[in-house]
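Report on the structure
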Amino acid sequence: MHSNLSSARFAIGSSPLGVFAVVASDKGVAAILFGASRPDILADLRRRFEVLPQEDAKGLATLLQQAAAMITDPRRSVALTLAPRGTKFQRQVWDALRQIPPGRTASYADVARRIGSPRAVRAVAQACAANPIAIAIPCHRVVRSDGAAGGYRWGAKRKAMLLAAEAAL
DNA sequence: TATTCCTGTCCTG
DNA sequence: CAGGACAGGAATA
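Details of the packing of aromatic side chains
- Counting across every chain of the model gives two aromatic pairs.
- Aromatic side chains F34 and W154 sit 6.1 Å apart centroid to centroid with 70° between the ring planes, which places their arrangement in the edge-to-face category. Note that F34 is positioned in strand β3 (residues 28–35) and W154 in the loop between β6 (142–143) and α6 (156–167), a separation of 120 residues in sequence.
- Overall, W154 belongs to the buried group, its relative accessible area being 10%.
- Feature note: the residues F34, Y152 and W154 constitute an aromatic cluster, connected by ring pairs.

Considerations on the protein's contact with DNA strand C
- Around DNA strand C there are 13 residues in total, and Y108, R122, Q126, R144 and S145 lie nearest to it.
- Within the backbone of S145, an N or O atom sits 2.2 Å from a phosphate oxygen of DNA strand C.
- Measuring from a base nitrogen of DNA strand C, one finds a backbone N or O atom of R153 at 3.4 Å.
- The dominant element in the surface near DNA strand C, judged by the number of residues it contributes, is helix α5 (residues 121–129), at six residues.
- Considering only residue class, the surface near DNA strand C consists of seven nonpolar, three polar and three charged.

Rules of the game
Residues numbered from 1 in each chain as written. Chains lettered and ligands numbered in written order. Predicted model: local features only at pLDDT ≥ 70, side-chain atom pairs only at ≥ 80, totals over all residues. Heavy atoms only, no water. Phe/Tyr/Trp six-rings, centres within 6.5 Å; stacked < 30°, edge-to-face > 60°. Helix = DSSP H or I, 4+ residues; strand = E, 2+ residues; numbered from the N terminus. Buried < 20%, exposed > 50% of the residue type's maximum accessible area, 1.4 Å probe, protein only. Near = heavy atom within 4 Å. Polar contact = N/O pair within 3.5 Å; in protein donor to acceptor, adjacent residues only side chain to side chain. Nonpolar A, V, L, I, M, F, W, Y, C, P; charged D, E, K, R; others polar.

Here is the structure:
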């Protein structure tokens, strides 16, 4: 991961799932990240981007609000232009994830089949873990074939909360 | 139940 | 460059 556009900006907000950041370039949303605290998020941004994006709370206020709305109610999907950086394989996986509607789940094996690599189940899990845009690329909707929730980059607790919120109709 | 193999990417030595 | 780890899972014994 090495998104590195000089135009990248970020803003930090809070949600029921904790502090989060949105990062956007002129090409769209580059990242939505959770963290334990503001410093924790800044450290994550430094790790992910060669050049730390500039903070722009005012310019990204609308986007921040949209992201917060999606986190609060994942069933409400906001149309955002996404610009995640990743390998071809990773983008294939992420595109497949975006086809899983709110309230539904798919197994890692389902996703592997969908992208035409039915045996790449483990690689799919790895690509999910590398997803830089939480919520908007719904990696939390990918669960294990045996019914277990599977892991989550930002903690099993957040995954469980998201799935519970989406299941409640 | 435990082993083995599969897959793509990243990290470490 | 080699080997291990990883948010998994099917096949095999």
